[in-house]
Structure formats: C-alpha cells, structure tokens
Amino acid sequence: MKRILIVTEVLPPKYGGADIAGFRYAQNLNSRGSQVMLLGSWNDDFKKQKKDFPFLVAIKYPKLPFSNWRVKRYVDIINFGIAYLFTFFKIWGLRNSFDVLHSMNSYSYHNLAAISIAKFFGKKVVTESCLLGADDPKTIFKKKQKDWLSVNSRKRDCYKKADFFIAKSAQNLSWFEGFIPKEKYGFVNTFVDTSKFLPPQNKESKRLAMDLPRDKKLLIFIGELNRRKGVNLLLETFTNLSKSRKDLFLLLIGPSAKNDQEFTSELQSQMQQLNSNHYLHINKVISNVHDYLPCADILILPSFREGFPNVVIEAMSSGVIVLASDIPEIKNAQIQHGKNGFLFKTGDQQDLEHQLASIIENLDSLDEFKTTVSKEAHNKYSIEVIADKYQQIYKSL
C-alpha cells in the first residue's frame, strides 16, 4: 500500500470542512495499517495535538501584512514565495516517507506549493477542488491584466502539475471541463464518520448532557457566520417565526467573520433583537460537532456558494432534517427536495421562512423520514467507502 502525505490548510483543532476531512481520513487510514502523515499550518495547540496524533506535521511561515491595496499584488507574490520556500524544506525532509501527496484543497499557498514541490521530488500528486470561486479550475485559470506578475499565475503553474484532480461531487465535474483532460479528473464525495454521527438513542438525555433546552424545537447552523453562508437570512427568519412560536431555539456554532466587520456588526444587531433564552451562539470552531448536531431537529444552511458541504451529510447521518438553499452544489449533489431533505430558493428569505415553518409544523410526523435518510447516508458516505475510492485513484497513478 502506498504511503500518503495529506496536506491541509490548517491542523486541528482550528480547521474547516476540507481540513476536518483530511484529518479524519488520515486517522482512518492509520488505524487500518497504512502509513499516512498530515501536513498543515501551525497553530498554538499543535504540541498538545501532536501527543495524541503523532502523524501530524506542522508547517509555520511568516506572512507580510499589507495596508494599501495598491501594493497587495506585490505583497501577495512575496508571501507566496515565502510559503513556497518553507514548504520546500518541509517536504524535502519528508521526501523519503511518502509516495503520493494528496492536497485536500487547491487554494492555500502551501497546499499549491506542495503540489509543485512533490512533483520535483518525483512523487505522484492528487489535489481536490472544494469551493466554487476559490479553488475550482475556472477560477484558477482565469487570466487578468498583467497576470504574469500576479500570485494567480504562480498558483496556476503549481496547480496544473498534479496528476489527478478531484471534485467533491458529480455535479462539480463541470468545473473541470475545458481546463483539465477528462482522463485526469473524477469525483469522490466527502465522507462521514458514521461511528460518531449517529441518531441519538435519547435526544432529551443528549440535550441535557450538552446543556441545551429539552422542551424546544432546536434549529442549528454550523459554520463561519459570514456573508457567503447567508446567516443574516436565517436570523431574520428566526426572528419572525419566534414572535409567534415560543417553542423554538436557535443554536449557532462557528466563529464570526473576521474579514467582514460590516457583516459581523449586522449579525450582532440582529442577535440583539432576539430573546437571549431562545438562542445560543458558540463563537468558535469546535471539535465535537458530533455531540451537538444530533441534539438538533433541523439543520439550516442558507448558503449562496458551497462545494460539497460536510455538515449536510453529517446532519443526515445524525438523523437531523436538512433545510438548505437550492444552489446546484446542494440541489444536484446532496438534497432531493422532499426525499432526503428540503430546499428553498437561494437568497429568498420569505421562501426560507415558509419552508421552515412547514417543517416545524410537521416535525412530529417525520421520524420515519429521518431514519431512512440516516441509513442511506451511512451506506453512501461512510469513511470506509470513500477511503476505498481514494485508494483506487492512488493505485491508478
């Protein structure tokens, strides 16, 4: 079996969807006897995590700030060069310990640098595209004026050196058409740790353990509270519904957007209008999503853009009803309205409110629906199934 070096943007516990997937995948492969390392950027908790997970490898490099948009393009190219240099020496030290490099995203500087560097050392490389508008081929290959002097040109040069490119769903394969040869790309869904994301045997007891109200219909959102996720639509909807329904509770899990203070201030104003007994915001990334998610009745994801959001299939696996926007990445790849979840028109707050009110009204009659969806998710998205698909790609290189 080939030795794998997985590269993520950041190491646990500070990570996003692709980083979580990479960490759990590395855990699974190591538990099955494979030799796998996980490389990601340093965080302050690394030393503690390293004791528990010896397969973690940290990379740390400086980043120059900028205060003037006129010099941003030049600072970006310098920062990319710094990341490339530090990544080179890190992978040079690991070069005899892996056969295949698997990058879990195609946008962070060290992820892209790792692709080029691994090829320099004669390794096979697989890379994934996770988010439309960020690391899809159309965005990466888009050329701008004076592109030769931009960091985009350097990123593109690194990206195209990969041996195989992965989309997170069949729907997202269209991202690669016209940019990557057909024989060099395919799709592999994100997986669910089905040993953790399970329907609770007793939801009341689970909520009691997590200090959540037992007598409310619990709505949950998980992810960064940013503009792309449409959290303002959710808060407006909850504000309206909670005026007439006192049996609702909203749980928001995820940090506020640091790079959009205007939007964060808008959300804070919306939250101030809510009864503090009817909502809770856990303003940070948490590592035990699997403890909170099964406590919920409905997961709401009002995003404007996604790739293949992990939280949707995690909710399905946990027996939680999903209500999401009908963006193609969800509508065509994850949710069939009325069959395994529910959809509303993207950006349409009134439709979101209508759909959510309908689900809440019929919640007690959806127990069989939730059980069926959970079983299907376990069969389709288990980590064992997805890991085997990855292994097939490695063998084909």
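Structure shown above.
Quick look at the structure, then. All figures in this text were calculated on a predicted structure; none of them were measured in a lab.

## Notes on the overall build of the protein chain
Thought 1: The number of helices and strands found in the protein chain is 15 helices and 13 strands.
Thought 2: Based on the C-alpha atoms only, the size of the protein chain along its principal axes is roughly 60 × 50 × 45 Å.
Thought 3: Looking at the protein chain residue by residue over its 397 residues, the buried ones come to 55%.
Thought 4: Taking the intrachain contacts of the protein chain between residues at least 6 apart in sequence as the baseline, contacts between residues at least 24 apart amount to 70%.
Thought 5: Split by element, the accessible area of the protein chain, about 18,400 Å² in all, is 50% carbon and sulfur.
Thought 6: Each charge sign in the protein chain was given a centre, from 56 positive and 41 negative side chains, and these centres are 8 Å apart.

## Side note on the sheet that holds strand β8 (residues 217–222)
Thought 1: Taken together, the six strands give an open sheet; going across it, the order is β10-β9-β8-β11-β12-β13, and neighbouring strands pair in parallel fashion. Both outer strands of the open sheet, β10 (279–282) and β13 (342–344), are each paired with one neighbouring strand and no more. Going from strand to strand, the sheet's axes swing by 20° on average, the running direction of each strand aside.
Thought 2: Taken together, the six bridges between β8 and strand β9 (residues 248–253) define a ladder with parallel strand orientation. In the sheet register, L219 faces β9, and the bridge partner there is L250.

Rules used in this analysis
Residues numbered from 1 in each chain as written. Predicted model: local features only at pLDDT ≥ 70, side-chain atom pairs only at ≥ 80, totals over all residues. Heavy atoms only, no water. Helix = DSSP H or I, 4+ residues; strand = E, 2+ residues; numbered from the N terminus. Buried < 20%, exposed > 50% of the residue type's maximum accessible area, 1.4 Å probe, protein only. Contact = heavy atoms within 4.5 Å. Areas by Shrake-Rupley, 256 points an atom, 1.4 Å probe, with all protein chains shown as cover. Lys, Arg positive; Asp, Glu negative; His and termini not counted. Charge placed at Lys NZ, Arg CZ, Asp CG, Glu CD. Pairing = 2+ DSSP bridges. Axes fitted to C-alpha atoms, helices over the stretch in contact; angles between N-to-C directions.

Nothing here speaks to function; it is geometry throughout.
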